Amino acid sequence: MSNRLLVVKDVNGNVIYGLPFATDGYETTLAANTEQHVTVPNDAQIAVFSYTGGVDVFVDPATTATLPSSSFAPTTADLNPVMRLVTPGTTLSFISAGTPYVKVSFYTLLAPGLV
């Protein structure tokens, strides 16, 4: 089961995210120019992404990720996203021109028993 993403207050009363280590996490090293994908767990609504520094990674929640061409084209992919809302059971597609390490941690927004 995915950990809950918590909203808490710091010592000054500012609202911050209390991000525990994830129990639902997946990692890989992408092969250059080769798409890889992961399925969002059934109880997850948030994905938090980590990458090797200095490498571009495209993440597509709707179709197979592709590398961009030399002209503008429609896309649903995001470049190096940090945190995104996700739909349980969908597939996230990843691609890079390099060979980065990629980690995806999944969290739920719902309280236990409401999933």
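Anything mentioned here points back to the structure above.
Predicted, not measured: the structure shown is a model, and the values here were computed from it.

### Some points on the side chain of D60
- Mapped onto the secondary structure, D60 falls in strand β7 (residues 58-60).
- Buried charge D60 goes without a salt bridge, the closest partner of opposite sign being R84 at 11 Å.
- A distance of 2.8 Å separates the side chain of D60 from the backbone nitrogen of A62, its partner in a polar contact.
- If we ignore the near neighbours within four places in the chain, the residues touching D60 are A65, T75, T76, A77, T91, L92 and S93.

### Points about the pattern of salt bridges
- Tallied over the entire structure, the rule returns one salt bridge.
- One salt bridge connects R84 with D78, and the closest N-O pair in it is separated by 2.9 Å.

### Topic: the sheet that holds strand β5 (residues 36-39)
- Taken in spatial order, the four strands make up an open sheet running β5-β10-β7-β8, and their pairing is antiparallel. A strand with exactly one partner marks an edge of an open sheet, and here the two such strands are β5 and β8 (78-79).
- Relative to strand β10 (residues 91-95), β5 runs antiparallel, the two sharing four bridges. Bridging from a neighbouring strand, H37 pairs with S93 of β10.

### Some points on a nonpolar patch on the surface
- Together, L19, V82 and M83 make up an exposed nonpolar region whose accessible area comes to about 250 Å².
- Take L19: it is sitting in the loop between β3 (15-18) and β4 (24-29).
- Under the relative-accessibility criterion, L19 is labelled partly exposed at 43%.

### What about the environment of D24?
- Inspection of the secondary structure puts D24 in strand β4.
- Along the chain, D24 and D43 lie 19 residues apart, while their C-alpha atoms are 9.8 Å from each other.

### Looking at the packing of aromatic side chains
- Counted by the stated rule, this structure contains three aromatic pairs.
- Taken together, a centroid distance of 6.0 Å and an interplanar angle of 65 degrees make the contact between Y26 and F106 edge-to-face. Of the two residues, Y26 sits in strand β4 while F106 sits in strand β11 (residues 101-108), which places them 80 residues apart along the sequence.
- Judged by its relative accessible area of 0%, F106 is buried.
- Relative to Y51, the ring of F49 has its centre 6.4 Å away and its plane inclined at 5 degrees; by these criteria the two rings are stacked.
- Classification of F49 as buried rests on a relative accessible area of 7%.
- Site record: aromatic cluster; members linked through ring pairs are F49, Y51 and F94.

Thresholds, definitions, all that
Residues numbered from 1 in each chain as written. Predicted model: local features only at pLDDT ≥ 70, side-chain atom pairs only at ≥ 80, totals over all residues. Heavy atoms only, no water. Helix = DSSP H or I, 4+ residues; strand = E, 2+ residues; numbered from the N terminus. Buried < 20%, exposed > 50% of the residue type's maximum accessible area, 1.4 Å probe, protein only. Lys, Arg positive; Asp, Glu negative; His and termini not counted. Salt bridge = Lys/Arg side-chain N within 4 Å of Asp/Glu carboxyl O. Polar contact = N/O pair within 3.5 Å; in protein donor to acceptor, adjacent residues only side chain to side chain. Contact = heavy atoms within 4.5 Å. Pairing = 2+ DSSP bridges. Patch = residues over 30% accessible without salt bridge, like charges linked within 9 Å, V, L, I, M, F, W, Y side chains within 5 Å. Areas by Shrake-Rupley, 256 points an atom, 1.4 Å probe, with all protein chains shown as cover. Phe/Tyr/Trp six-rings, centres within 6.5 Å; stacked < 30°, edge-to-face > 60°.

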